[in-house]
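# Tertiary structure, described
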Amino acid sequence: PFFTNLYMLICSGFSLIFGIVQFMKKKRPPMYFLFILLAIMSAFLSRIYYFVTVALYGTIPDMFNLGFIGYAAMLLYMFFANYGQIDYLVDDRRNLKTRYRVIPVIIPVLELLFAFYSLKYGTVNITVRISFAVISVIAGFAGYLNIKHFIVPDIDFGIVRSIRGYNLLAFLIGIFSLAEIGFSLFEYNSIIFYIQIVLGALYAAVIPVLNSEVKKWTR
């Protein structure tokens, strides 16, 4: 786990530094970009904690730990980025077809079912299982909006179409984050290595992709 945690720290750090450089430019990205930058910062801080813990003690804590707060904060920022004004732009609560509200519910519901199954049958400390359940709820809300904004018809000026790449990556980050914790609940540690490799790549890609996409809003 030392090298994979170092790898994810580097990947999230790259994305964070890239985003900070973009945000410090004279022509700053929109506030939407800042929310996701804060999400990646939360992931980076979580990865610092896990890397230092593994480096010093050889393993991560087998109970509730500060790293879970980073997961939760990351997903909350992703949720709030899509919640509110931008969601009202694509869904006025009157004219959007029902299927665009129903289809995005499917995967978050499956996530929650697995979370409750893990809460009852997981083999690790109860504080870890409870943390996973809470993170799954937050991931469900964030993932719902990611999927909704990925499939919903575009609106004027291509605002939704422009960030579909980001929404797909953000949704996958939520899925793989849950998978990373979820498999550990049943101590299937061998597969976590592969999950972390993918998750690191998603960390590294999400800010550069979003940066190129939000630039289309001002063209």
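In the block above lies the structure referred to throughout.
What this report covers is the structure whose coordinates are included nearby. (Residues numbered from 1 in each chain as written. Predicted model: local features only at pLDDT ≥ 70, side-chain atom pairs only at ≥ 80, totals over all residues. Heavy atoms only, no water.)

## Observations regarding the overall build of the chain
Summing up its helical and strand segments, the chain has ten helices and zero strands in all. Listing each helix as α and each strand as β along the chain from the N terminus yields α-α-α-α-α-α-α-α-α-α. By the compact-globule yardstick of 17 Å for 219 residues, the chain fits well, its C-alpha radius of gyration being 18 Å. Principal-axis analysis of the C-alpha atoms gives the chain an extent of 50 × 40 × 25 Å. (Helix = DSSP H or I, 4+ residues; strand = E, 2+ residues; numbered from the N terminus. Rg over C-alpha atoms; globule rule 2.2 N^0.38 Å.)

## Observations regarding the pattern of salt bridges
Across all of its chains, the model carries five salt bridges by this definition. Across the salt bridge formed by D87 and K148, the nearest N and O atoms sit 3.3 Å from each other. Here K148 lies in helix α7 (residues 126–151) and D87 lies in helix α4 (residues 85–90), a separation of 61 residues in the sequence. Residue class for D87 comes out buried when judged on its relative accessible area of 3%. Relative accessible area serves as the criterion here: at 2%, K148 is assigned to the buried category. In this structure, the salt-bridge partner of K148 is D91, at a minimum N-O distance of 2.8 Å. Residue K148 is located in helix α7, and its partner D91 is located in the loop between α4 and α5 (99–102); the two are separated by 57 residues in the primary sequence. One network of salt bridges, with partners in common, ties together D87, D91, R101 and K148. (Salt bridge = Lys/Arg side-chain N within 4 Å of Asp/Glu carboxyl O. Buried < 20%, exposed > 50% of the residue type's maximum accessible area, 1.4 Å probe, protein only.)

## Looking at the nonpolar core
The biggest cluster of nonpolar side chains holds 44 residues, and the ones touching the most others in it are I36 and Y203. Counting residues per element, the ones that place at least two in this core are α1 (2–23), α2 (31–57), α3 (66–82), α7, α9 (164–185) and α10 (189–214). Ignoring sequence-local partners within four residues, the contact set of Y203 consists of M8, C11, S12, S15, I40, A43, R47, M74, I173 and S177. Counting five residues, the second-largest nonpolar core is a separate cluster that includes V90, Y100, V152 and V160. (Core = buried A, V, L, I, M, F, W, Y, C linked by side-chain atoms within 4.5 Å. Contact = heavy atoms within 4.5 Å.)

## Let's talk about α9
End to end, α9 covers 32 Å across 22 residues, agreeing with the expected 32 Å (1.5 Å per residue, within 8%). Positive phi appears at E187, one or two residues downstream of α9, with a value of about 60°. (Expected span 1.5 Å × (residues − 1).)

## Structural notes on the packing of aromatic side chains
For the structure on display, the rule yields 19 aromatic pairs. Centre to centre, the rings of Y32 and W217 are 5.7 Å apart; their planes meet at 70°, and the pair counts as edge-to-face. Linking Y32 in helix α2 with W217 in the segment after α10, this pair joins segments that are 185 residues apart in sequence. Judged by relative accessible area, Y32 falls into the buried class, the value being 7%. On the basis of an interplanar angle of 55° and a centroid distance of 6.5 Å, the ring pair of F183 and Y188 is categorised as tilted. According to the relative accessible area criterion, F183 is partly exposed, its value standing at 30%. An aromatic cluster is built from F114, Y117, Y121, F132, F183, F186 and Y188, whose rings are joined through pairwise contacts. (Phe/Tyr/Trp six-rings, centres within 6.5 Å; stacked < 30°, edge-to-face > 60°.)

## Digging into the packing of α7 against α9
The description of two packed helices rests on the angle between their axes and on the distance between the axes. Between α7 and α9, the least distance of the axes is 9 Å, while the angle of their chain directions is 160°. It follows that α7 is roughly antiparallel to α9 by the angle criterion. Regarding α7 and α9, the two cross each other, and that crossing is left-handed. Its residues placed into classes, the contact of α7 with α9 shows 15 nonpolar, six polar and two charged. (Axes fitted to C-alpha atoms, helices over the stretch in contact; angles between N-to-C directions. Parallel < 35°, antiparallel > 145°, perpendicular 65-115°, else oblique. Left-handed = near helix turned anticlockwise from the far one by under 90°. Nonpolar A, V, L, I, M, F, W, Y, C, P; charged D, E, K, R; others polar.)

## Considering unusual backbone geometry
Within the chain, E187 stands out as a residue other than glycine whose phi angle is a positive 60°. Inspection of the secondary structure assignment puts E187 in the loop between α9 and α10.

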